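# What the coordinates show
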Amino acid sequence: GSRQNSRWLKDWVDGLIEKGEWGIGMTHGITNGYDSIGTDPSRFWHHLDYACSQQDQLWIATFHDVSAYKAERENIQLTIKEKKRKITVKPHLTLDRSLFHHPLTLIVNTDRSVRVKQDGKPIDANHKDGKAIFNFNPHGGKITIRLL
């Protein structure tokens, strides 16, 4: 709101990235309303532009999406089987799929590259700092992870 300048907003985003923390921005009004930014909304749009430019390090979502993701993450059960260079993961989520349908992120500690499929369809996986990272459908079927 009115008490935060552009530098403060940038430092806030950078601090969240550096510490690996969650942050929730509450915007009651952009140009008018409780604690609005004021008559020049460009500060707010510059802040959003900066945050979006950091999307390789941030997940930007609505409060609804974050809440749904957390509920899915806390309620999913994974059955995991390992065999040589193949890991099979079977997700099981009993939450209502019409409300809880956000992809979840799975991280596999491995120095190897991976090839991932869910229900026989390829899933993009990134490899960084000894971890393979990919998103999957929590209501979907079997996930196969091949270590290359």
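These numbers come from a predicted model, not from an experiment.

### Let's talk about the overall build of the chain
Across its full length, the chain holds three helices and eight strands. When the helices and strands of the chain are read in sequence order from the N terminus, they spell out α-α-α-β-β-β-β-β-β-β-β. Its C-alpha radius of gyration of 19 Å places the chain more than 25% over the 15 Å reference for a compact globule of 148 residues. Taking the principal axes of the C-alpha coordinates as reference, the chain spans close to 60 × 35 × 25 Å. By the burial criterion, 30% of the 148 residues in the chain qualify as buried. Counting only carbon and sulfur atoms, one obtains 49% of the accessible surface of the chain, whose full area is about 10,500 Å². Where the 22 positive side-chain charges of the chain centre and where its 17 negative ones centre are 13 Å apart.

### Re the pairing of strand β1 (residues 77-83)
For β1, a buried count of zero out of seven residues is recorded, marking the element as mostly open to its surroundings. As paired elements, β1 and strand β2 (residues 86-92) share seven bridges and run antiparallel to each other. When the bridges of β2 are listed, L78 appears paired with P91. Hairpin connection between β1 and β2: a loop of two residues separates the two successive antiparallel strands, and K84 in this loop has a positive phi of roughly 50°.

### A closer look at the nonpolar core
One broad trend across soluble globular proteins is that nonpolar side chains are buried collectively. Core analysis: the largest hydrophobic core is formed by 17 residues, its most contacted members being V116, F134, F136, I143 and I145. Mapped onto this core, the elements with two or more residues apiece are β2, β3 (104-109), β4 (114-118), β7 (131-136) and β8 (143-147). Excluding its chain neighbours within four sequence positions, the residues that come into contact with I145 are R85, K86, I87, V89, L106, V108, V114, R115, V116 and F134.

### With respect to the sheet that holds β3
A sheet is described by the order of its strands in space; here three strands give the open sequence β3-β7-β6, paired in antiparallel fashion. Since the sheet does not close on itself, it has two edges, and those belong to β3 and β6 (125-128), each with one partner. Neighbour-to-neighbour, the strand axes of the sheet open up by a mean angle of 25°, direction not taken into account. In terms of strand pairing, β6 meets β7 through four bridges, oriented antiparallel. Along β7, the bridge assignment pairs K128 with K131.

### Considerations on the packing of aromatic side chains
One pass over the structure, following the stated rule, counts four aromatic pairs. Here the aromatic rings of W22 and W59 are separated by 6.5 Å at their centres, their planes lie at 75°, and the arrangement is edge-to-face. You can see W22 sitting in the loop between α1 (6-19) and α2 (42-53) and its partner W59 sitting in the loop between α2 and α3 (63-75), a full 37 residues away along the chain. Among the aromatic side chains, those forming a connected cluster through ring pairs are W22, W59 and Y69. A cation over a ring is seen here: K70 above W22, with NZ or CZ 5.7 Å from the ring centre.

### Description of α2
An ideal rise of 1.5 Å per residue puts 16 Å on twelve residues; α2 measures up with 16 Å between its terminal C-alpha atoms. Among all positions in α2, only R43, F44, H47 and A51 are buried. With its buried residues spanning 100° around the axis, α2 presents them on a single face. In α2, the exposed positions that point more than 90 degrees away from the buried face belong to H46 and D49. Buried residues along α2 sit against α1.

Calculation rules
Residues numbered from 1 in each chain as written. Predicted model: local features only at pLDDT ≥ 70, side-chain atom pairs only at ≥ 80, totals over all residues. Heavy atoms only, no water. Helix = DSSP H or I, 4+ residues; strand = E, 2+ residues; numbered from the N terminus. Rg over C-alpha atoms; globule rule 2.2 N^0.38 Å. Buried < 20%, exposed > 50% of the residue type's maximum accessible area, 1.4 Å probe, protein only. Areas by Shrake-Rupley, 256 points an atom, 1.4 Å probe, with all protein chains shown as cover. Lys, Arg positive; Asp, Glu negative; His and termini not counted. Charge placed at Lys NZ, Arg CZ, Asp CG, Glu CD. Pairing = 2+ DSSP bridges. Core = buried A, V, L, I, M, F, W, Y, C linked by side-chain atoms within 4.5 Å. Contact = heavy atoms within 4.5 Å. Axes fitted to C-alpha atoms, helices over the stretch in contact; angles between N-to-C directions. Phe/Tyr/Trp six-rings, centres within 6.5 Å; stacked < 30°, edge-to-face > 60°. Lys NZ or Arg CZ within 6 Å of the ring centre and 35° of its normal. Expected span 1.5 Å × (residues − 1). Arc of directions from axis to C-beta.

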